[in-house]
Amino acid sequence: MDFNMKKLASDAGIFFTRAVQFTEEKFGQAEKTELDAHFENLLARADSTKNWTERILRQTEVLLQPNPSARVEEFLYEKLDRKVPSRVTNGELLAQYMAEAAGELGPTTPYGKTLIKVSEAEKRLGAAERDFIHTASVSFLTPLRNFLEGDWKTIAKERRLLQNRRLDLDACKARLKKAKAAEAKATLWNDEVDKAEQELRVAQTEFDRQAEVTRLLLEGISSTHVNHLRCLHEFVKSQTTYYAQCYRHMLDLQKQLGRFPGTFVGTTEPASPPLSSASPTTAAATMPTVPQVASLAPAGEAPLCLEEVAPPASGTRKARVLYDYEAADSSELALLADELITVYSLPGMDPDWLIGERGNKKGKVPVTYLELLS
(Lines give C-alpha, C1' and ligand atoms only; values in the text may rest on other atoms or scores of the structure.)
Protein backbone atom coordinates (compact mmCIF):
# COMPACT_ATOMS: atom_id res chain seq x y z
CA MET A 1 0.00 0.00 0.00
CA ASP A 2 2.81 2.43 0.93
CA PHE A 3 4.58 1.60 -2.33
CA ASN A 4 1.45 2.33 -4.35
CA MET A 5 0.88 5.59 -2.55
CA LYS A 6 4.47 6.65 -3.15
CA LYS A 7 4.18 5.74 -6.84
CA LEU A 8 0.96 7.75 -7.19
CA ALA A 9 2.59 10.69 -5.47
CA SER A 10 5.63 10.40 -7.74
CA ASP A 11 3.45 10.24 -10.89
CA ALA A 12 1.47 13.25 -9.71
CA GLY A 13 4.70 15.16 -9.12
CA ILE A 14 6.01 14.33 -12.58
CA PHE A 15 2.71 15.32 -14.17
CA PHE A 16 2.73 18.62 -12.26
CA THR A 17 6.33 19.35 -13.27
CA ARG A 18 5.54 18.69 -16.93
CA ALA A 19 2.43 20.86 -16.76
CA VAL A 20 4.43 23.73 -15.25
CA GLN A 21 7.16 23.36 -17.86
CA PHE A 22 4.64 23.27 -20.72
CA THR A 23 2.79 26.33 -19.40
CA GLU A 24 5.98 28.34 -18.95
CA GLU A 25 7.05 27.48 -22.48
CA LYS A 26 3.75 28.69 -23.86
CA PHE A 27 4.19 32.02 -22.07
CA GLY A 28 7.83 32.30 -23.12
CA GLN A 29 9.07 31.97 -19.55
CA ALA A 30 11.10 28.80 -20.11
CA GLU A 31 13.48 27.53 -22.75
CA LYS A 32 12.38 24.71 -25.03
CA THR A 33 14.57 22.07 -26.64
CA GLU A 34 13.93 22.29 -30.38
CA LEU A 35 14.02 19.30 -32.69
CA ASP A 36 16.23 19.47 -35.78
CA ALA A 37 14.75 20.51 -39.13
CA HIS A 38 14.80 16.96 -40.55
CA PHE A 39 12.87 15.66 -37.56
CA GLU A 40 10.30 18.45 -37.89
CA ASN A 41 9.89 17.60 -41.58
CA LEU A 42 9.29 13.96 -40.67
CA LEU A 43 6.62 15.02 -38.17
CA ALA A 44 4.90 17.27 -40.72
CA ARG A 45 4.92 14.55 -43.37
CA ALA A 46 3.50 12.01 -40.92
CA ASP A 47 0.70 14.38 -39.89
CA SER A 48 -0.10 15.12 -43.54
CA THR A 49 -0.15 11.41 -44.38
CA LYS A 50 -2.51 10.68 -41.51
CA ASN A 51 -4.88 13.54 -42.32
CA TRP A 52 -5.13 12.78 -46.05
CA THR A 53 -5.42 9.04 -45.45
CA GLU A 54 -8.42 9.71 -43.21
CA ARG A 55 -10.08 11.96 -45.80
CA ILE A 56 -9.45 9.58 -48.69
CA LEU A 57 -10.71 6.66 -46.62
CA ARG A 58 -13.93 8.41 -45.61
CA GLN A 59 -14.70 9.62 -49.14
CA THR A 60 -13.99 6.20 -50.64
CA GLU A 61 -16.43 4.72 -48.13
CA VAL A 62 -19.02 7.24 -49.33
CA LEU A 63 -18.28 6.30 -52.93
CA LEU A 64 -18.74 2.59 -52.26
CA GLN A 65 -21.70 2.99 -49.91
CA PRO A 66 -23.60 6.31 -50.35
CA ASN A 67 -26.16 5.37 -47.69
CA PRO A 68 -24.91 6.84 -44.36
CA SER A 69 -27.06 4.56 -42.20
CA ALA A 70 -25.70 1.51 -44.02
CA ARG A 71 -22.14 2.76 -43.41
CA VAL A 72 -22.87 3.14 -39.69
CA GLU A 73 -24.30 -0.36 -39.58
CA GLU A 74 -21.25 -1.78 -41.33
CA PHE A 75 -18.98 0.07 -38.89
CA LEU A 76 -20.83 -1.41 -35.90
CA TYR A 77 -20.66 -4.92 -37.34
CA GLU A 78 -16.94 -4.47 -37.91
CA LYS A 79 -16.34 -3.28 -34.34
CA LEU A 80 -18.37 -6.21 -32.99
CA ASP A 81 -16.28 -8.53 -35.19
CA ARG A 82 -19.39 -9.86 -36.89
CA LYS A 83 -20.02 -10.52 -40.56
CA VAL A 84 -21.82 -7.73 -42.38
CA PRO A 85 -25.12 -9.04 -43.81
CA SER A 86 -25.30 -9.24 -47.60
CA ARG A 87 -27.27 -6.39 -49.16
CA VAL A 88 -29.11 -6.13 -52.44
CA THR A 89 -27.51 -3.45 -54.60
CA ASN A 90 -29.62 -0.68 -56.10
CA GLY A 91 -29.19 -2.17 -59.56
CA GLU A 92 -30.37 -5.59 -58.39
CA LEU A 93 -33.38 -4.03 -56.64
CA LEU A 94 -34.28 -2.11 -59.81
CA ALA A 95 -33.93 -5.34 -61.80
CA GLN A 96 -36.34 -7.06 -59.41
CA TYR A 97 -38.94 -4.30 -59.77
CA MET A 98 -38.68 -4.33 -63.56
CA ALA A 99 -39.05 -8.10 -63.73
CA GLU A 100 -42.11 -7.99 -61.48
CA ALA A 101 -43.59 -5.15 -63.53
CA ALA A 102 -43.09 -7.13 -66.73
CA GLY A 103 -44.84 -10.12 -65.22
CA GLU A 104 -47.86 -8.03 -64.25
CA LEU A 105 -48.04 -5.77 -67.31
CA GLY A 106 -47.50 -8.55 -69.82
CA PRO A 107 -44.17 -10.23 -70.54
CA THR A 108 -45.09 -10.75 -74.22
CA THR A 109 -45.91 -7.09 -74.92
CA PRO A 110 -43.21 -4.82 -76.39
CA TYR A 111 -43.00 -2.93 -73.11
CA GLY A 112 -42.85 -6.14 -71.07
CA LYS A 113 -40.15 -7.64 -73.27
CA THR A 114 -38.07 -4.49 -72.95
CA LEU A 115 -38.53 -4.42 -69.18
CA ILE A 116 -37.23 -7.98 -69.01
CA LYS A 117 -34.19 -7.15 -71.15
CA VAL A 118 -33.35 -4.07 -69.10
CA SER A 119 -33.97 -6.02 -65.89
CA GLU A 120 -31.40 -8.63 -66.92
CA ALA A 121 -28.87 -5.89 -67.69
CA GLU A 122 -29.49 -4.12 -64.37
CA LYS A 123 -29.02 -7.41 -62.55
CA ARG A 124 -25.65 -7.87 -64.21
CA LEU A 125 -24.72 -4.27 -63.34
CA GLY A 126 -25.67 -4.92 -59.72
CA ALA A 127 -23.52 -8.03 -59.58
CA ALA A 128 -20.59 -6.11 -61.08
CA GLU A 129 -21.07 -3.38 -58.48
CA ARG A 130 -21.05 -5.95 -55.68
CA ASP A 131 -17.77 -7.41 -56.93
CA PHE A 132 -16.23 -3.95 -57.24
CA ILE A 133 -17.23 -2.96 -53.70
CA HIS A 134 -15.77 -6.17 -52.29
CA THR A 135 -12.52 -5.89 -54.23
CA ALA A 136 -12.04 -2.20 -53.40
CA SER A 137 -12.74 -2.82 -49.72
CA VAL A 138 -10.17 -5.60 -49.47
CA SER A 139 -7.42 -4.08 -51.63
CA PHE A 140 -7.78 -0.39 -50.75
CA LEU A 141 -9.90 0.42 -47.70
CA THR A 142 -8.52 -2.30 -45.43
CA PRO A 143 -4.85 -1.24 -45.82
CA LEU A 144 -5.76 2.40 -45.14
CA ARG A 145 -7.68 1.41 -42.00
CA ASN A 146 -4.81 -0.82 -40.88
CA PHE A 147 -2.43 2.12 -41.11
CA LEU A 148 -4.69 4.45 -39.12
CA GLU A 149 -5.55 1.87 -36.47
CA GLY A 150 -2.12 0.26 -36.27
CA ASP A 151 1.01 2.09 -37.39
CA TRP A 152 -0.39 5.56 -36.79
CA LYS A 153 -1.48 4.76 -33.22
CA THR A 154 2.03 3.47 -32.51
CA ILE A 155 3.56 6.64 -33.93
CA ALA A 156 1.19 8.83 -31.92
CA LYS A 157 2.02 6.94 -28.71
CA GLU A 158 5.77 7.30 -29.22
CA ARG A 159 5.36 10.99 -30.06
CA ARG A 160 3.55 11.55 -26.76
CA LEU A 161 6.38 9.77 -24.95
CA LEU A 162 8.91 11.96 -26.76
CA GLN A 163 6.98 15.07 -25.73
CA ASN A 164 7.08 13.94 -22.10
CA ARG A 165 10.82 13.18 -22.32
CA ARG A 166 11.44 16.63 -23.76
CA LEU A 167 9.45 18.31 -20.99
CA ASP A 168 11.41 16.31 -18.39
CA LEU A 169 14.69 17.27 -20.07
CA ASP A 170 13.83 20.97 -20.16
CA ALA A 171 12.65 20.86 -16.55
CA CYS A 172 16.02 19.35 -15.56
CA LYS A 173 17.81 22.06 -17.51
CA ALA A 174 15.80 24.69 -15.64
CA ARG A 175 16.60 23.10 -12.25
CA LEU A 176 20.31 22.93 -13.06
CA LYS A 177 20.31 26.54 -14.13
CA LYS A 178 18.65 27.57 -10.85
CA ALA A 179 21.06 25.40 -8.85
CA LYS A 180 24.08 26.99 -10.46
CA ALA A 181 22.64 30.45 -9.89
CA ALA A 182 22.09 29.59 -6.21
CA GLU A 183 25.60 28.12 -5.93
CA ALA A 184 27.03 31.32 -7.27
CA LYS A 185 25.33 33.11 -4.39
CA ALA A 186 26.70 30.49 -1.95
CA THR A 187 23.19 29.43 -0.92
CA LEU A 188 23.54 25.80 -2.10
CA TRP A 189 26.10 23.11 -1.52
CA ASN A 190 27.92 21.56 -4.47
CA ASP A 191 26.04 18.27 -4.07
CA GLU A 192 22.81 20.00 -5.13
CA VAL A 193 24.40 21.04 -8.42
CA ASP A 194 25.82 17.53 -8.85
CA LYS A 195 22.38 16.05 -8.30
CA ALA A 196 20.83 18.40 -10.88
CA GLU A 197 23.57 17.54 -13.38
CA GLN A 198 23.01 13.82 -12.84
CA GLU A 199 19.26 14.22 -13.38
CA LEU A 200 19.96 16.19 -16.54
CA ARG A 201 22.23 13.44 -17.93
CA VAL A 202 19.59 10.81 -17.27
CA ALA A 203 16.86 12.97 -18.84
CA GLN A 204 19.06 13.68 -21.87
CA THR A 205 19.76 9.96 -22.38
CA GLU A 206 16.06 9.07 -22.16
CA PHE A 207 15.15 11.89 -24.54
CA ASP A 208 17.80 10.85 -27.09
CA ARG A 209 16.67 7.23 -26.93
CA GLN A 210 13.01 8.15 -27.40
CA ALA A 211 13.86 10.58 -30.20
CA GLU A 212 15.65 7.78 -32.08
CA VAL A 213 12.69 5.39 -31.66
CA THR A 214 10.27 8.06 -32.88
CA ARG A 215 12.54 9.01 -35.78
CA LEU A 216 12.67 5.41 -37.03
CA LEU A 217 8.87 5.16 -36.91
CA LEU A 218 8.48 8.46 -38.76
CA GLU A 219 10.93 7.41 -41.45
CA GLY A 220 8.75 4.32 -41.92
CA ILE A 221 6.12 6.62 -43.43
CA SER A 222 8.02 6.22 -46.72
CA SER A 223 7.20 2.50 -46.67
CA THR A 224 3.59 3.42 -45.91
CA HIS A 225 3.49 5.59 -49.03
CA VAL A 226 4.85 2.73 -51.13
CA ASN A 227 2.20 0.37 -49.74
CA HIS A 228 -0.59 2.91 -50.29
CA LEU A 229 0.66 3.49 -53.85
CA ARG A 230 0.35 -0.24 -54.59
CA CYS A 231 -3.14 -0.26 -53.06
CA LEU A 232 -4.10 2.76 -55.14
CA HIS A 233 -3.11 0.91 -58.30
CA GLU A 234 -5.26 -2.03 -57.20
CA PHE A 235 -8.19 0.33 -56.59
CA VAL A 236 -7.86 1.89 -60.04
CA LYS A 237 -7.63 -1.58 -61.57
CA SER A 238 -10.81 -2.76 -59.84
CA GLN A 239 -12.64 0.45 -60.77
CA THR A 240 -11.53 0.13 -64.40
CA THR A 241 -12.75 -3.46 -64.50
CA TYR A 242 -16.08 -2.43 -62.99
CA TYR A 243 -16.77 0.39 -65.45
CA ALA A 244 -15.62 -1.76 -68.38
CA GLN A 245 -18.12 -4.42 -67.33
CA CYS A 246 -20.86 -1.80 -67.03
CA TYR A 247 -20.03 -0.43 -70.47
CA ARG A 248 -20.12 -3.87 -72.07
CA HIS A 249 -23.42 -4.73 -70.39
CA MET A 250 -25.01 -1.49 -71.60
CA LEU A 251 -23.66 -1.92 -75.14
CA ASP A 252 -25.11 -5.41 -75.23
CA LEU A 253 -28.43 -4.07 -73.95
CA GLN A 254 -28.45 -1.29 -76.52
CA LYS A 255 -27.66 -3.81 -79.24
CA GLN A 256 -30.55 -6.03 -78.15
CA LEU A 257 -33.00 -3.14 -77.95
CA GLY A 258 -31.86 -1.86 -81.36
CA ARG A 259 -33.16 -5.06 -82.98
CA PHE A 260 -36.75 -4.20 -82.14
CA PRO A 261 -37.40 -0.83 -83.86
CA GLY A 262 -41.09 -1.71 -84.22
CA THR A 263 -41.43 -1.23 -80.48
CA PHE A 264 -41.29 2.51 -81.01
CA VAL A 265 -43.70 2.77 -83.95
CA GLY A 266 -46.05 5.70 -83.45
CA THR A 267 -43.57 7.78 -81.45
CA THR A 268 -41.86 10.85 -82.81
CA GLU A 269 -39.18 11.08 -80.11
CA PRO A 270 -35.66 10.20 -81.25
CA ALA A 271 -33.89 7.30 -79.63
CA SER A 272 -31.78 7.97 -76.55
CA PRO A 273 -28.23 9.01 -77.43
CA PRO A 274 -25.82 6.06 -77.38
CA LEU A 275 -22.67 5.74 -75.32
CA SER A 276 -20.21 7.37 -77.71
CA SER A 277 -18.06 10.45 -77.75
CA ALA A 278 -19.99 11.97 -80.66
CA SER A 279 -23.75 12.15 -80.98
CA PRO A 280 -24.96 9.62 -83.59
CA THR A 281 -27.71 12.01 -84.63
CA THR A 282 -25.13 14.68 -85.37
CA ALA A 283 -22.84 12.18 -87.07
CA ALA A 284 -25.65 10.90 -89.27
CA ALA A 285 -26.74 14.42 -90.09
CA THR A 286 -23.29 15.23 -91.45
CA MET A 287 -23.34 12.22 -93.78
CA PRO A 288 -24.36 12.84 -97.41
CA THR A 289 -27.69 11.40 -98.43
CA VAL A 290 -29.04 9.97 -101.67
CA PRO A 291 -32.55 10.03 -103.08
CA GLN A 292 -35.01 7.65 -101.47
CA VAL A 293 -34.63 4.10 -102.74
CA ALA A 294 -37.98 2.63 -103.63
CA SER A 295 -37.31 -0.68 -101.96
CA LEU A 296 -36.04 0.93 -98.74
CA ALA A 297 -38.92 0.88 -96.28
CA PRO A 298 -39.02 2.79 -93.00
CA ALA A 299 -37.55 1.02 -89.99
CA GLY A 300 -39.75 -1.73 -88.64
CA GLU A 301 -41.83 -2.20 -91.79
CA ALA A 302 -39.62 -4.20 -94.17
CA PRO A 303 -36.06 -5.49 -94.31
CA LEU A 304 -33.44 -3.47 -96.11
CA CYS A 305 -32.72 -4.64 -99.70
CA LEU A 306 -28.96 -4.23 -99.65
CA GLU A 307 -28.52 -5.40 -103.26
CA GLU A 308 -30.41 -2.35 -104.50
CA VAL A 309 -28.69 0.14 -102.18
CA ALA A 310 -25.93 2.13 -103.88
CA PRO A 311 -23.51 4.45 -102.10
CA PRO A 312 -23.79 8.18 -102.77
CA ALA A 313 -21.77 9.53 -105.66
CA SER A 314 -19.60 11.57 -103.32
CA GLY A 315 -19.14 12.33 -99.66
CA THR A 316 -18.79 8.84 -98.17
CA ARG A 317 -16.69 8.73 -95.02
CA LYS A 318 -14.23 6.35 -93.48
CA ALA A 319 -14.85 5.02 -90.01
CA ARG A 320 -12.73 3.07 -87.57
CA VAL A 321 -14.44 0.22 -85.73
CA LEU A 322 -14.17 0.58 -81.94
CA TYR A 323 -15.46 -2.84 -80.86
CA ASP A 324 -16.22 -6.24 -82.35
CA TYR A 325 -19.83 -6.53 -83.50
CA GLU A 326 -21.70 -9.70 -84.39
CA ALA A 327 -24.33 -9.20 -87.06
CA ALA A 328 -27.84 -10.02 -85.86
CA ASP A 329 -29.12 -10.93 -89.36
CA SER A 330 -28.19 -10.75 -93.03
CA SER A 331 -29.02 -7.03 -93.22
CA GLU A 332 -26.19 -6.16 -90.78
CA LEU A 333 -22.44 -6.14 -91.34
CA ALA A 334 -20.22 -7.92 -88.80
CA LEU A 335 -17.37 -5.76 -87.53
CA LEU A 336 -13.90 -6.32 -86.12
CA ALA A 337 -12.26 -3.84 -83.78
CA ASP A 338 -9.76 -1.40 -85.37
CA GLU A 339 -10.71 -2.17 -88.98
CA LEU A 340 -11.57 0.65 -91.40
CA ILE A 341 -14.83 0.64 -93.35
CA THR A 342 -16.73 3.04 -95.62
CA VAL A 343 -20.01 4.38 -94.24
CA TYR A 344 -22.87 6.55 -95.44
CA SER A 345 -26.44 7.39 -94.49
CA LEU A 346 -29.73 6.91 -96.33
CA PRO A 347 -33.01 8.77 -95.85
CA GLY A 348 -35.47 6.97 -93.66
CA MET A 349 -32.80 5.13 -91.68
CA ASP A 350 -32.69 5.04 -87.90
CA PRO A 351 -30.15 7.76 -86.93
CA ASP A 352 -28.38 5.22 -84.72
CA TRP A 353 -27.40 3.17 -87.79
CA LEU A 354 -25.37 3.68 -90.99
CA ILE A 355 -24.69 1.63 -94.09
CA GLY A 356 -21.20 0.13 -93.93
CA GLU A 357 -19.13 -1.32 -96.74
CA ARG A 358 -16.03 -3.47 -96.60
CA GLY A 359 -14.87 -4.82 -99.96
CA ASN A 360 -17.86 -6.38 -101.66
CA LYS A 361 -19.81 -6.73 -98.40
CA LYS A 362 -22.25 -4.19 -97.06
CA GLY A 363 -24.82 -3.94 -94.29
CA LYS A 364 -26.20 -1.85 -91.47
CA VAL A 365 -23.76 -0.96 -88.67
CA PRO A 366 -24.47 0.73 -85.31
CA VAL A 367 -22.99 4.22 -84.96
CA THR A 368 -21.98 3.52 -81.35
CA TYR A 369 -19.39 1.02 -82.57
CA LEU A 370 -17.70 3.52 -84.90
CA GLU A 371 -15.33 6.46 -84.81
CA LEU A 372 -16.12 8.62 -87.84
CA LEU A 373 -12.97 9.95 -89.47
CA SER A 374 -12.72 13.29 -91.25
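These remarks concern the structure in this document.

A short note on the sheet that holds strand 1 (residues 317-321)
- Pairing is antiparallel across the open sheet formed by five strands, whose spatial order is 4-3-2-1-5. Two strands in the sheet have a free side with no partner beyond their single neighbour: strand 4 (361-366) and strand 5 (370-372). The mean inter-strand angle of the sheet, taken between neighbouring strand axes irrespective of direction, is 40 degrees.
- Of the pairings in the sheet, the one linking strand 3 (residues 353-358) to strand 4 comprises six bridges and is antiparallel in character. When the bridges of strand 4 are listed, Arg 358 appears paired with Lys 361.

Description of the packing of aromatic side chains
- Tallying each qualifying case throughout the model produces nine aromatic pairs.
- With a centroid separation of 6.2 Å and 35 degrees between ring planes, the pair formed by Phe 132 and Phe 235 is classed as tilted. Taken together, the residues span a long stretch of sequence, with Phe 132 in helix 5 (residues 110-184) and Phe 235 in helix 7 (residues 221-257) at a distance of 103 residues. Taken individually, Phe 132 and Phe 235 each receive the classification buried, so the pair is uniform in this respect.
- Among the aromatic residues, ring-to-ring pairing joins Phe 132, Phe 140, Phe 235, Tyr 242 and Tyr 243 into one connected group.
- Directly above the aromatic system of Tyr 325 lies the positively charged group of Lys 255, at a separation of 4.4 Å from the ring centroid.
- Positioned above the aromatic ring of Trp 353 is the side chain of Lys 364, whose terminal nitrogen or guanidinium carbon lies 5.4 Å from the ring centre.

About the thresholds
- Residues numbered from 1 in each chain as written.
- Predicted model: local features only at pLDDT ≥ 70, side-chain atom pairs only at ≥ 80, totals over all residues.
- Heavy atoms only, no water.
- Pairing = 2+ DSSP bridges.
- Helix = DSSP H or I, 4+ residues; strand = E, 2+ residues; numbered from the N terminus.
- Axes fitted to C-alpha atoms, helices over the stretch in contact; angles between N-to-C directions.
- Phe/Tyr/Trp six-rings, centres within 6.5 Å; stacked < 30°, edge-to-face > 60°.
- Buried < 20%, exposed > 50% of the residue type's maximum accessible area, 1.4 Å probe, protein only.
- Lys NZ or Arg CZ within 6 Å of the ring centre and 35° of its normal.

In short, shape yes, function no, at least from these values alone.
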